[in-house]
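Listed here are the chains, written in short residue letters.
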Amino acid sequence: MGSGASTEQGQAAPAIIDGEAAILERAGGVLLPRDDLYEALKAKLNGADRPVAVVAPSGSGKSTFMANCVTRLREEYDIVRAVFVGSAGGSTNLVRVLSELCASLVPARKSRESLSDLCTSENSVEELADDVLGLSGLLEKRLQVLQEEKKKVLIVVDAVNELEGAAALSLGWLPRRSGIVVTTIRGGANSKDPNVKTVLAALKKRFEITEPLVVPPLSSDDQISLLTQLAGRAPTSQEQEALKTKKDAASPLYIKLLAPKLARGSPDGSALHPLLGGKSLNLTPPASRENKRRGGGKLRRAASGVIAANRTRSPAKSTRGTDPVSSAPDTIQAVFDDLLVGLPADAAKKILTAIYVSGGGVWASQLRELARHSTLEGWLGPLVRCGPDGRVAFVHQQARDAVQRKWLKTPEDVQKAHGMLAAHFSTLYKFSDHDREADKALECQILTRLPRHLIGSNDAERLKDPAFGERKCAAGLVGDLVHDFADAGYEDFAECVRANAHVLAVGRYVPGLFAQQLANSRDDSTIDTKELRAPFRWVNKDQKRPACLGIMSSPATHYWAAASSKSGKSLALGGSDKLIHIIDAQDQYEKALLTGHQDDIVSVSFSPTDEATLVSLARVSRHEKAAFDLFVWDAHAATKLAAAQGAGSASDARWSSDGLYVAVACSGRCEIYSNKATLQKTLKLDGDAAACCFSPTNHNGDNQFVVCAVNTHIQAKSLTGKYTPPTFEGQHPEKVNDVHWACGFVATACDDGSVVLFDEKSGARLAYIEAHEDICKSVRLTKSPGAGIHLVSGGEDRSARLFRLSGGRLSGGRLSPDQAVLRGHSAAVAHVAHLPGGSSCLTTSEDGSCRIWDYARAFGQDKAPGSDKGIAACVFVEEPAGLIVADGAGVLRLFDPDGKGEVWRTEPLEAEHRAITALAVAEGGARVAVAMYKRVHLREIAGGAEAAPPLVFDDWVNCCAFVGGGAVAFAGDAASVNVWDRGNTITITHSEAKKTDSVLAMACRITGDEATIATGDNDGRINVWTEKEREDTSERREFEQYRFTKIEGWVVSICFYAHGLAACTSLGRVCVLEPGKCEVISMSTSLECAMAWVGSVGDRLVTACEAKLVHAWRRQGDSLETLGVDALFPGAARFGSPDGVGGQGAVAGKRIAVGDESGRLYVLDTEFERRASFDSPPRDAKPRHKFVRTDSGRLFLEEET
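Residues numbered from 1 in each chain as written. Predicted model: local features only at pLDDT ≥ 70, side-chain atom pairs only at ≥ 80, totals over all residues. Heavy atoms only, no water.

Draft legend 1. Representation of the overall build of the chain in the model. The number of helices and strands found in the chain is 21 helices and 62 strands. By the burial criterion, 59% of the 1201 residues in the chain qualify as buried. Looking at the chain alone, contacts between residues at least 24 apart form 58% of all its contacts between residues at least 6 apart. Total accessible area on the chain stands at roughly 47000 Å², and carbon and sulfur atoms take up 47% of it. (Helix = DSSP H or I, 4+ residues; strand = E, 2+ residues; numbered from the N terminus. Buried < 20%, exposed > 50% of the residue type's maximum accessible area, 1.4 Å probe, protein only. Contact = heavy atoms within 4.5 Å. Areas by Shrake-Rupley, 256 points an atom, 1.4 Å probe, with all protein chains shown as cover.)

Next up, the structure:
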């Protein structure tokens, strides 16, 4: 997602935000009062419920006026943030602008420390936002929070027409709220600029701004007054008359350019060349810094004499008149063209074209490097300026345009200019000895500018170096990295970054992660993965491109409903913010916003006959009773065409195939509206309608039917009464949630997870499809060219299912068509819709996101190794060598050691509830113990057959372990541990046991003939027992030497390893205990999400957690009290389950295996960085922590001050 820095990068140029000082400095301290205009702006701000627009012709002094206003308004607002587009490096990049705006608006209640967590909950997208859609939502969310904190906030964005890209110019990123000012050009030399036209149209369409505040042209008196202040003398009467003849005399910019001529000229008419009049440009940054902080050190060159100061030039002969004003050009454009005439060609070209292609992203000292041995100081002042951060930019867009006209006429000219800067930044990238932490601004500039110029010079091959990506991720520029690769045409690299952006972002990235994820790319990728080091190398990885083409999400809203326009060029997303977002389907940015609903939007639908017409439905409450609003829109013009109100709840709105009618599913009825939102007919039903759909054909309205989902059946009604609608056969097993009529079928989505197909003519029930493991919420049919009929459904199991009905196998009324599972959402899939063309679809989820899926890729995916149910546990076995995997349906599978091929599987094991909770392998490797509800099954590893009768328990068995001699220990929803040994059951307990205790985790270490058992429970208690020494192994086993400790949260997994006893908790912490005393010796900070499993590989601990991540941990700090993340691997779904049971992984040497809740099995080979000794502290000895025990005896970690 995105093309810019992360919102929390913290190192971007401060001049992008609050850069009014540079604008005022550019004005030379001379300002027109314009008090009336300032008061008019304040009046508009005080009375507005949306952004205020300020417009003016190019060169009218608009930016200077706004900079002055910002300075004055800071006294009246709690928070003021101003962006002057084009005034600083990166300020024309919308993602950079939004990133820094969001970072500068962190509410008081959100501590900055929380942003450094290694992961967040799976539904948190705030810290992952790095594209326009996500960042605009984050900006809106930040403003909402500040509003709740009673903060008065002002946001000013000057010169929005200079932002780059269609997404920026559409203004879809700009919040629709008060306290926002935007300015743009209207009229003047740049009035025909396409960007200007687009912005003006967007202001009118998105915000209904028809009367913006206009900065007036200078009056004759203002022109004389300003010229007098700037020139230091009043113009003569002859000069005043000449000024009246100048076309751009009413522009403050023109007056400013004319003033130096007047100051240098004498009243008798002699004048110097205009270039001599400008303020001298000192190419040394205003804030003096050591040369090495701008790429010095190894690169430092002698700067003395590079650019000579105060060079003079012979006066130019005037051909326009005798006085300074008469001899000046008539327009700003002509003045700037004149300023370029006679400049030292080579040096001027290098400097000015470098400023052009960099967008003002190069520092003055770097320009001095580029133009060494040249003498330009004093000549460039009227054209460029040096900002407070040392970056050099053009004084005005028209100066930039003049450079383009003179030196950058062809693409080849632009390529050469990029090549010059690519060489410069390549040298800085390789040899600069700046401190990357201390001088983040330089590091950010190098990593941002280098790829832009490598791409611009057609030399982007070097971007494939993994070290470049690692360095960019470390700097917090992962969003920028996506567009670096996409713009260079390296789609496989871009695909990898997009898929892993959530872990490569600031706060989650760990060194080596980018290279690791490149190494885990599919084998046919263009990425060379052979020499890449991977702490976690994915053995059974995916070998096909992902089926998901794009993800749209916003921190400011949850998208509940989605629809595509007739052509597929526009998407409509509606949800929790009461707004409808019109999205460009290709580039996925917001291009229009429809406002007017008063509550959550539950349905949106484009007309099947008109590209722009959209209907939306929202539930509301009137007079404390349920009601609904139905609106018809022109989505292109962002205007409401019609509206209707209805009584009772409503859940669905659909168009008729001819685009003339809209059906609304309501309480006890279905209402039919015209396309002008006029109620035409009410169809009574025998219950509340959950969904409705028109029949797909229409002959003059004679056979138009509507089918509705009502309780456990579907009911068809005729609009005209001339024809009898079909009666659909039979009741559904459970409630019907959705219905769709298309392709000769009527399809329903049901609470039992099924999709049922009916014949559209006879109503006969044709097939029953077992689609989902949980409630099926949505269903749609479509015809795909060359592929027959596709059906897509969404369910509570967080997946969408895609079925190819042609060629499906029908047996006993149950259809088994070809299917593909679309996984990625982290909550229920609430809505599905096919996109035009029948080759893709979109889904919305209760996680608030919308995803686009490709059918060909979905069906082309290899079957993921694992199970079609969530994986509860897995263990490695030696004879035969492989991996046993247990799922939530009670099935055991043996896979080969790489986790790619299935060797055998069992039928579901016998139990009242079939979910398996844990596995354990016997010491000899012949048997495996399987924990379930009230059962511990013992199975043969060779073929999965039953090895002994099941062991019985009173409730759920949550964990088990072999404890030597073939004995099995198991425990569950009770405080005690049971040991089954040769037909006898030994009960192990402790004095603090309670009826509410549940043992969730168990581990065993066998030394000689004695076993040490450790357990973790739901009270945060870690218990350890050591077996009493026996003289004869035939004696009854006894366990004594009980000890325990308490920590925060449920203890969900536990393991012995070479350096102690490790445990992980439901609160996201890992700790290491000394088993003999049961004392905590190391603990991690919290991941703020539940963990599922802990194991060990050498001196590292590995964990799997709810946030879809596998982590590697090692002890850190001077006294090794802290556990820190060393590496991580992202999965596709969460590990474990909300009840703290499941997600158990396995370790064999350096290989680990773990399964996620979607049924995906991951086999990972580990290659961690070696250390001389486990007990040797790493180089980074921070942070320091201490252990604190609460009054209740619980232990937690506190950072030392």
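Anyway, onward from the coordinates.
Draft legend 2. Structural detail: the pairing of strand β39 (residues 902-905). Where strand β38 (residues 892-895) lies against β39, three bridges are found, and the strand directions are antiparallel. The residue of β39 that forms the bridge with phenylalanine 895 is glutamate 902. Between the antiparallel neighbours β38 and β39 lie six residues, among them glycine 899 with a positive phi of about 70°. (Pairing = 2+ DSSP bridges.)

Draft legend 3. Examining the pattern of salt bridges more closely. One pass over the full model with this rule turns up 55 salt bridges. Glutamate 495 is paired through a salt bridge with arginine 545; the nearest N and O atoms lie 2.6 Å apart. With glutamate 495 in helix α19 (residues 491-504) and arginine 545 in the loop between β8 (536-538) and β9 (548-552), the pair connects residues that are 50 residues apart, well separated along the chain. Note on glutamate 495: relative accessible area 14%, which makes it buried. A single salt-bridge network, built from bridges that share partners, covers Arg452, Lys472, Asp480, Asp484 and Asp487. (Salt bridge = Lys/Arg side-chain N within 4 Å of Asp/Glu carboxyl O.)

Draft legend 4. Examining the UniProt feature "repeat: WD" (unreviewed entry) in the chain more closely. Per the UniProt annotation, the sites labelled "repeat: WD" (unreviewed entry) are residues 822-854. As annotated, residues 822-854 has a helix share of 0% and a strand share of 58%, and its two end C-alpha atoms lie 10 Å apart. (UniProt positions renumbered as here; feature names shortened; annotations may be inferred.)

Draft legend 5. Focus on the packing of aromatic side chains. In the structure shown here, the tally under the stated rule is 17 aromatic pairs. Plain terms: the ring middles of phenylalanine 728 and phenylalanine 758 are 5.7 Å apart, the flat faces sit at 75° to each other, and that makes the pair edge-to-face. Linking phenylalanine 728 in the loop between β24 (713-718) and β25 (736-742) with phenylalanine 758 in strand β27 (residues 754-759), this pair joins segments that are 30 residues apart in sequence. Considered together, phenylalanine 728 and phenylalanine 758 belong to a single accessibility category, that of buried residues. Of the aromatic side chains, those joined through ring pairs into one cluster are Phe485, Tyr490, Phe493 and Phe514. Across the ring face of tyrosine 38, the terminal group of arginine 72 is positioned such that the distance to the ring centre comes to 3.8 Å. (Phe/Tyr/Trp six-rings, centres within 6.5 Å; stacked < 30°, edge-to-face > 60°. Lys NZ or Arg CZ within 6 Å of the ring centre and 35° of its normal.)

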